[in-house]
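What follows is each chain in one-letter form.
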Amino acid sequence: MILIAENINIMSQALGLAMKERQSQLIQKMAIAAQQGGMDYIDLNIGPAKKTGAEMMPWLVETVQQVSDLPLSLDTTNPDAIEAGLKLCKKRALVNSVSLQPERLEHILPLVTRNKAEMIGLLWSADGMPRDVNEKCMLAVDLVYKANVAGVPNEDIWIDPVATPVSGDIAKIKSCLEFLQMLPEIAPGCKSTVGLSNVSNGTPTPLRPYLNRVFMVMLERAGIYSVIADALDTELQHINSGEKADLVKLIHKVLDGEDIDVKSLSEEESKYVKTVRVLNGEALYSHSWLEA
Ligand code: THG
């Protein structure tokens, strides 16, 4: 599947500061690492950036394009910043985080078509997050309809059902997967994406990769087209490129409810098995889920 690098983000301590101070070095290092790691897109997230976005985004686009030829995904709620960035993108770009707020859609959809970009549409409306899979489907239909009317064809719409932390309601993660399985019927030709790190948000940092990787395998099974992921997680990249077939098979087995002889597993394998059980809702999440 297509991998979008999440790392160049204003929320990141080191890179956020580099962005604000227009220090290109660290940012370019990350962009090079993302490309070498086999990522397909680089997301540039400058946050709301109300005042400085229209100047920061073009700077960031150029800074990254000096060292990488990967296509970019531009992430900010500031439409002027998106437009200023899009004008400089050498490859066809993604406008990230188009949500269903009417007053925002009005501005952002024409901007997508005018600049021949594609878009990531979040299933997030003025009323907040949809509560279940039915509401997700209704929002998706609404979003795709409005985008189509504005001239964005289904192939250019990447739907993001928005993943939530594993420490919260696990039913929300399930409805995300269920929605993705239904997407081809609801919106034929549309693409899809999910931010993997959302599920591991708030969990112990060294353990986050297990959740992210297992979730990726689950999403892949649900038919997802792309994920937004940590460009520094080489194991995740190896799983994605088919180099970890045994591990993927093991994860599938657990998902299928097959009996696993836990004693025959390596310590590493048993961590993955425990993680599947948590993400699948068979075991309760706690910060020490790998020890249980
Ligand atoms: N969907 C879409 N876009 C998104 C998200 C999504 N963009 C933002 C986010 N979710 C995905 N990007 C990130 C980026 C960083 C982290 C998580 C998701 C992250 N960063 C470290 C942390 O907070 O602990 C900070 C690391 C540092 O300080 O360097 O977790 O769902 N369409």
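Residues numbered from 1 in each chain as written. Predicted model: local features only at pLDDT ≥ 70, side-chain atom pairs only at ≥ 80, totals over all residues. Heavy atoms only, no water.

Undergrad: Kindly report on the overall build of the protein, identifying the contributing residues and their values.
TA: Check the secondary structure of the protein and you find 12 helices and eight strands. In terms of overall dimensions, the protein has a C-alpha envelope of 55 × 45 × 30 Å along the principal axes. Scored against the burial criterion, the 292 residues of the protein give a buried share of 52%. As presented, the protein carries roughly 13600 Å² of accessible surface, and 52% of it is formed by carbon and sulfur atoms. Separation between the mean location of the 28 positive side-chain charges and that of the 38 negative ones in the protein comes to 3 Å. (Helix = DSSP H or I, 4+ residues; strand = E, 2+ residues; numbered from the N terminus. Buried < 20%, exposed > 50% of the residue type's maximum accessible area, 1.4 Å probe, protein only. Areas by Shrake-Rupley, 256 points an atom, 1.4 Å probe, with all protein chains shown as cover. Lys, Arg positive; Asp, Glu negative; His and termini not counted. Charge placed at Lys NZ, Arg CZ, Asp CG, Glu CD.)

Undergrad: Run through the sheet that holds strand β4 (residues 94–100), naming residues and quoting values.
TA: In spatial order, the strands read β7-β6-β5-β4-β3-β2-β1-β8; together these eight strands make up an open sheet with parallel pairing. Looking at which strands have only one partner, the edges of the open sheet turn out to be β7 (191–192) and β8 (226–229). Sheet analysis places strand β3 (residues 72–75) next to β4, joined by three bridges and oriented parallel. Residue pairing for β4: L74 is matched across the bridge by V95. (Pairing = 2+ DSSP bridges.)

Undergrad: Report on the environment of P110, specifying residues and quantitative values.
TA: Take P110: it is sitting in helix α5 (residues 102–114). Taking the C-alpha atoms as reference, P110 lies 15 Å from G85; in sequence the two are 25 residues apart.

Undergrad: Tell me about the packing of aromatic side chains, and please be specific about residues and values.
TA: Under the counting rule described, the total for this entry stands at four aromatic pairs. On the basis of an interplanar angle of 85° and a centroid distance of 5.1 Å, the ring pair of W158 and Y225 is categorised as edge-to-face. Here the residue W158 occupies a position in strand β6 (residues 157–160), and Y225 occupies one in the loop between α9 (208–221) and β8, the gap between them amounting to 67 residues. Judged by its relative accessible area of 1%, W158 is buried. Overall, the relative accessible area of 32% leaves Y225 in the partly exposed class. Counting every residue linked through ring pairs, the aromatic cluster contains Y41, W158 and Y225. (Phe/Tyr/Trp six-rings, centres within 6.5 Å; stacked < 30°, edge-to-face > 60°.)

Undergrad: Talk me through the site of the ligand; I want residue IDs and the actual numbers.
TA: Taken together, 16 residues form the shell around the ligand, and within it N9, S12, N96, D160 and N198 come nearest. N96 places a polar side-chain atom, nitrogen or oxygen, 2.8 Å from a nitrogen atom of the ligand. Between the ligand and N198 there is a distance of 2.8 Å, counted from an oxygen atom to a side-chain nitrogen or oxygen. In the complex, 66% of the free accessible area of the ligand, which totals 680 Å², lies under the protein chains. For the shell around the ligand, the secondary-structure elements that each account for two or more residues are β4, β5 (118–125) and α8 (197–200). A per-class count over the shell around the ligand returns three nonpolar, nine polar and four charged. (Near = heavy atom within 4 Å. Polar contact = N/O pair within 3.5 Å; in protein donor to acceptor, adjacent residues only side chain to side chain. Nonpolar A, V, L, I, M, F, W, Y, C, P; charged D, E, K, R; others polar.)

Undergrad: So what's going on with α5? Residues and values would help.
TA: Since the α-helix packs 3.6 residues into each turn, any two residues three or four apart lie on the same face. Its 13 residues give α5 an end-to-end C-alpha distance of 19 Å, which sits within 8% of 18 Å, the value for a rise of 1.5 Å per residue. Those residues of α5 not exposed but buried are L105, I108, L109, L111 and V112. If you follow the buried residues of α5, they end up packed against α4 (79–86), β4, β5 and α6 (133–149). Just beyond α5, the residue with positive phi is K116, at close to 50°. (Expected span 1.5 Å × (residues − 1). Contact = heavy atoms within 4.5 Å.)

Keep in mind these values describe shape, not function.
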